[in-house]
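Secondary and tertiary structure notes
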Amino acid sequence: MSAFDKDNDPLGDKDALARHIEIALTIEPPSGLDLELSYQMIKRLFNPMILGAENIPERPCLFVGNHSLFALDGWIIGPLMTRELNRFPRGLGDKFLFANPKVGDFVLKRGAVMGNPEVCSALMKAGADLIVFPGGAHEAVKPASMKYELQWKERYGFVKLAARHGYTIMPFGLVGPDEFYGHLMEGRDIPGSPLGSLLRRLGLLNDNVRADVLPPVPVGALGSLLPKPQRCYLGFGEPVDLARYKGRTPTKKEQKSIRAEVAEQIETQLAELLFAREQHKGEDGLLRRLLTL
């Protein structure tokens, strides 16, 4: 599901949309003890490394990257960028996060917003950093054979939005979270399995559920549901400045060119980060090596 898909919008009501935007504009970056606790937890568990931070311009950006398994990337990126880079990118979430009002308010008050074009436009007019994963939920449940591969299909919403506001797209890659969990079974294999039969009897699976958006059955550290403490690497490519398009929508040919440039930057980062991980493997302690088997 793309964050910029307009159908079945929980913010279709004008009052709900106005309230969402009003709250979104008042949210301040995390600070103090809350930020420090989450940052220290991430540092201790995943020992992240940032590469290419010097490429990030001072002006507001739309950060665009690869989506990780179970969308756990936000758990890493948020505290890391806020604490080390002094940037507070507002995550553009899929609609299902906001379908339940209580859950939606919880997510909203922690900085994420729904990927509604009007919400994003309001934040861009306010000069906010934003972050989006064009692969959406589909990329967050990809099989192990497709880890660190972009699953963008024909999505151009992020390009059009950034261009109309003359924003800079900041491509990035993230390596690590795709391996927090092993896959006991891929989501696409569940419907035809004994597990699928059980889920059908329990009413949790039916013919309307698409196999390509079912998550894999995960296994974490030592066979538990805890994530493996895989070291994370976050890398930033070259910024793609779209100031020349401000106030207009690029042609389809221009959109394809921009999107291809962003995707290439991300794929380059992923290749470089995987290489960097190999170079630094010897720095991992014995416990981390055992827990990431």
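In this report, we go over the structure that sits alongside the text. Only a predicted model underlies this, so the values are computations on that prediction, with no experimental measurement involved.

**Comments concerning the layout of surface pockets**
Take a probe with the size of a water molecule and roll it over the atoms, and the empty space left behind shows itself. In this structure, the largest pocket spans a volume of roughly 1400 Å³. For the largest pocket, the lining is made up of 45 residues, of which Ala-71, Gly-74, Leu-97, Val-107 and Ala-112 are closest to its centre. Mapped onto the lining of the largest pocket, the elements with two or more residues apiece are α2 (32-46), α3 (73-85), β3 (90-93), α4 (101-108) and α6 (136-140). Residue contributions to the lining of the largest pocket peak at seven residues, all from α3. When grouped by side-chain class, the residues that make up the lining of the largest pocket number 25 nonpolar, ten polar and ten charged.

**With respect to the pairing of strand β2 (residues 61-65)**
Taken residue by residue, a regular strand's side chains alternate between the two faces of the sheet. Extensive coverage of β2 is indicated by the burial of five of its five residues. Burial along β2 is two-sided: the face carrying Cys-61, Phe-63 and Gly-65 and the face carrying Leu-62 and Val-64 are both buried. Where β2 meets strand β6 (residues 168-175), five bridges bridge the pair, whose relative direction is parallel. Note that in β6 the partner of Phe-63 across the bridge is Met-170.

**Some details on the state of the cysteines**
For the coordinates displayed, the defined rule picks out zero disulfides. In this structure Cys-61 is a free cysteine whose sulfur lies 15 Å from that of Cys-120, the closest cysteine sulfur available.

**Here we look at the nonpolar core**
Of all hydrophobic cores here, the largest spans 46 residues; its most connected members are Leu-62, Val-64, Phe-158, Ile-169 and Val-262. Here this core gets seven residues from one element, more than from any other, and that element is helix α9 (residues 252-280). Not counting chain neighbours up to four residues away, the residues in contact with Leu-62 comprise Leu-92, Met-124, Leu-130, Ile-131, Val-132, Phe-158, Ala-162, Tyr-167, Thr-168, Ile-169 and Met-170.

**Some details on the pairing of β6**
In terms of burial, β6 is a largely internal element, eight of the eight residues being buried. Residues Thr-168, Met-170, Phe-172 and Leu-174 point to one face of β6 and Ile-169, Pro-171, Gly-173 and Val-175 to the other, with burial holding for every one of them. Where β6 lies against strand β10 (residues 240-241), two bridges are found, and the strand directions are antiparallel. Each residue of the ladder has a partner; that of Thr-168, found in β10, is Asp-241. In terms of strand pairing, β6 meets strand β9 (residues 233-236) through four bridges, oriented antiparallel.

**Thoughts on the side chain of Arg-231**
For Arg-231, the location among the structural elements is in the loop between β8 (217-219) and β9. Side-chain polar atoms of Arg-231 contact the backbone oxygen of Asn-47, separated by 2.7 Å. Apart from residues no more than four positions distant in its own chain, Arg-231 is found in contact with Phe-46, Asn-47, Met-49, Val-175, Gly-176, His-280, Glu-283, Asp-284 and Arg-288.

**Re a negative patch on the surface**
A cluster of acidic residues, Glu-149, Glu-261, Glu-264 and Glu-267, forms a negative patch on the protein surface. If you trace the backbone, Glu-267 turns up in helix α9. Here Glu-267 falls in the partly exposed class, since its relative accessible area comes to 44%.

**So, the environment of Arg-277**
Relative to the assigned elements, Arg-277 resides in helix α9. For Arg-277, a relative accessible area of 11% gives the class buried. In this structure the C-alpha to C-alpha distance between Arg-277 and Arg-231, which are 46 residues apart in sequence, comes to 8.1 Å. Apart from the residues lying within four places of it in its own chain, the contact partners of Arg-277 are Tyr-148, Val-175, Gly-176, Glu-179, Gln-230 and Tyr-233.

**Some details on the packing of aromatic side chains**
Tallied over the full model, the rule gives seven aromatic pairs. Centre to centre, the rings of Phe-63 and Phe-236 are 6.0 Å apart; their planes meet at 70 degrees, and the pair counts as edge-to-face. Residue Phe-63 is located in strand β2, and its partner Phe-236 is located in strand β9; the two are separated by 173 residues in the primary sequence. Grouping residues by exposure puts Phe-63 and Phe-236 together as buried. Residue Phe-236 is classed as buried on the basis of its relative accessible area of 1%. By the ring-pair criterion, three or more aromatic residues cluster together here, those being Phe-63, Phe-133, Phe-172 and Phe-236. A cation over a ring is seen here: Lys-252 above Tyr-156, with NZ or CZ 3.9 Å from the ring centre.

Each value, and the rule that gives it
- Residues numbered from 1 in each chain as written.
- Predicted model: local features only at pLDDT ≥ 70, side-chain atom pairs only at ≥ 80, totals over all residues.
- Heavy atoms only, no water.
- 1 Å grid on protein atoms, 1.4 Å probe; cavity = no way out; pocket = protein on both sides within 12 Å on 5 of 7 lines; lining within 4 Å.
- Points joined across faces, edges and corners; volume = space filled by probe spheres on them.
- Helix = DSSP H or I, 4+ residues; strand = E, 2+ residues; numbered from the N terminus.
- Nonpolar A, V, L, I, M, F, W, Y, C, P; charged D, E, K, R; others polar.
- Buried < 20%, exposed > 50% of the residue type's maximum accessible area, 1.4 Å probe, protein only.
- Pairing = 2+ DSSP bridges.
- Disulfide = S-S within 2.5 Å.
- Core = buried A, V, L, I, M, F, W, Y, C linked by side-chain atoms within 4.5 Å.
- Contact = heavy atoms within 4.5 Å.
- Polar contact = N/O pair within 3.5 Å; in protein donor to acceptor, adjacent residues only side chain to side chain.
- Patch = residues over 30% accessible without salt bridge, like charges linked within 9 Å, V, L, I, M, F, W, Y side chains within 5 Å.
- Areas by Shrake-Rupley, 256 points an atom, 1.4 Å probe, with all protein chains shown as cover.
- Salt bridge = Lys/Arg side-chain N within 4 Å of Asp/Glu carboxyl O.
- Lys, Arg positive; Asp, Glu negative; His and termini not counted.
- Charge placed at Lys NZ, Arg CZ, Asp CG, Glu CD.
- Phe/Tyr/Trp six-rings, centres within 6.5 Å; stacked < 30°, edge-to-face > 60°.
- Lys NZ or Arg CZ within 6 Å of the ring centre and 35° of its normal.

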